[in-house]
Structure formats: C-alpha cells, structure tokens
Amino acid sequence: MFITKVKMKLALGDIVIALLLYWLSIIAADLTTDFTQSEVVPDGISQSPNELLTVKYNDKSIQFNEEWTPTNIKNQPKVEWNADPSSYYAIIMTDLDAPKRSRPAYREMLHWLVTNIPGNDISQAYTIAEYVPSGPQIHTGKHRILYTLYKQPGKLDFDEPKSHNRSLIMRLRFSQKNFSHKYNLGDPISANVILVEYDDYVPILHKEILRVHSD
C-alpha cells in the first residue's frame, strides 16, 4: 500500500510538471508571435524573450503594446524580475521609431541604460544613461518603446560616456544589438513594449533638453 501511494504521488508530480512545461511553451509561443507581429523582432532585438518584463509607473504595470502618454511615464519606472542575487543584470529602454516609424532615422533612441545591477538592486547599479522619458514629436504617430533585461556574464567594465537625464550624448542611433554583442550579453531574458504618442508634456521636455544643450 505504501509503495502504491508513493507511485501515485510521483505520477501526480510528473503530470504537474508536464502541464507546467506545456503551459510555459504556450506562453513562449505567444510571446514570439507578439514580438514578431509588432516587428520589435527584428527592429530592436533579434529574438523574442521567454517572459515579459514587469515595468511599473506609479505602481501600475505596463501591458504589452498598451498605449501610454509621455505624461504618465515622465518619472523613472520600477522594474521587477526574479533575480539571481549573485548575478549582474542590465536594463535598456529605447524608442524604436524616432523620429517616426516610417522613417526611423534615429533608431534606436536611448532613454535609459543601467548596468552592473547586482541581483535586482538598481540603486547599486552603474548607470550609463540616466532616465529620460519618451517625447515623440507631434504628428509622428505611436512610438514603440522597448524595455529589455539582460543577464550579464559577470560584473563588467563599460567604456561608454555617461549621459545625464537631459543630455543627448550617445542617445541617437543607439543599437542594443551592437551593445549586447560588444559585452557578450546575448539575447534579453525578458522584455516589454508600450506605445507612446505626443501629448502636452512633450514641449516641456524638449524645452528642458534644448536649454541644457544651448548653455
């Protein structure tokens, strides 16, 4: 009787594992479709991630391809993931459609680049490009804003110049594919995308940036 109960428990455990793997395969397939149909693959990254990255503005999580306004994302978001405390990570946020999707001459526009994140403690990270919110120009339609998370091979030395939160240094025509290749980051382990279009906050943001660069 004891052996029979043990075999039943093992069988149930195998079934649960099989169902979990099946469910994960469905999720991965759906993500591949989402990232491919939205053309984030190949415009921003080469391969779809296995999971969506959790990004929160004022405690509200973004959803894939959801529409947000520049006003609602003007402050740096909170990013969450299941981190290995002994590993280092990098977060990249870019605009794939600058100045507009039909003519992305500035692809990618870099909005945020944080590296050497120990575990998930961004406060202890090395920030290369401080957070700048998305500010699409008027009449340029919806811009795809891509958030990606990479697991680094270890703690790295980066030679890119630092860019403060109103600077355009190294932000235009940034390529996270090239950046990933340069530092052997591989493909992102998770990512997410929102759509952002011009609103009344954009002229304020642009004025602040222009003032800094005219001084």
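Before reading on, note that the structure itself is shown above.
Residues numbered from 1 in each chain as written. Predicted model: local features only at pLDDT ≥ 70, side-chain atom pairs only at ≥ 80, totals over all residues. Heavy atoms only, no water.

Regarding the sheet that holds strand 5 (residues 78-80)
- Spatially, the 3 strands line up as an open sheet ordered 3-2-5, and their pairing is antiparallel. In this open sheet, the two strands that pair with only one neighbour each are strand 3 (60-61) and strand 5.
- Bridge analysis of strand 2 (residues 54-57) against strand 5 gives 3 bridges, and the strand direction is antiparallel. Note on strand 5: the bridge partner recorded for Thr-54 is Glu-80. (Pairing = 2+ DSSP bridges. Helix = DSSP H or I, 4+ residues; strand = E, 2+ residues; numbered from the N terminus.)

Some points on unusual backbone geometry
- Of note, the bond from Val-41 into Pro-42 is cis; its omega dihedral lies within 30 degrees of zero at 20 degrees.
- One can find Pro-42 in helix 2 (residues 40-43).
- For the peptide bond that leads from Ala-98 to Pro-99, omega is 0 degrees, which places it in the cis range.
- Within the secondary structure, Pro-99 is located in the loop between strand 6 (88-95) and strand 7 (109-118).
- The phi dihedral of Asn-116 is positive, around 50 degrees, even though this residue is not glycine.
- In this structure, Asn-116 sits in strand 7.
- A relative accessible area of 6% means that Asn-116 is categorised as buried. (Buried < 20%, exposed > 50% of the residue type's maximum accessible area, 1.4 Å probe, protein only.)

Examining the environment of Pro-104
- Position of Pro-104 among the secondary structure elements: in the loop between strand 6 and strand 7.
- Each C-alpha atom, one on Pro-104 and one on Arg-173, is 9.3 Å from the other, the two residues being 69 residues apart in sequence.
- Other than its neighbours up to four places away in sequence, Pro-104 contacts Leu-96, Asp-97, Ala-98 and Pro-99. (Contact = heavy atoms within 4.5 Å.)

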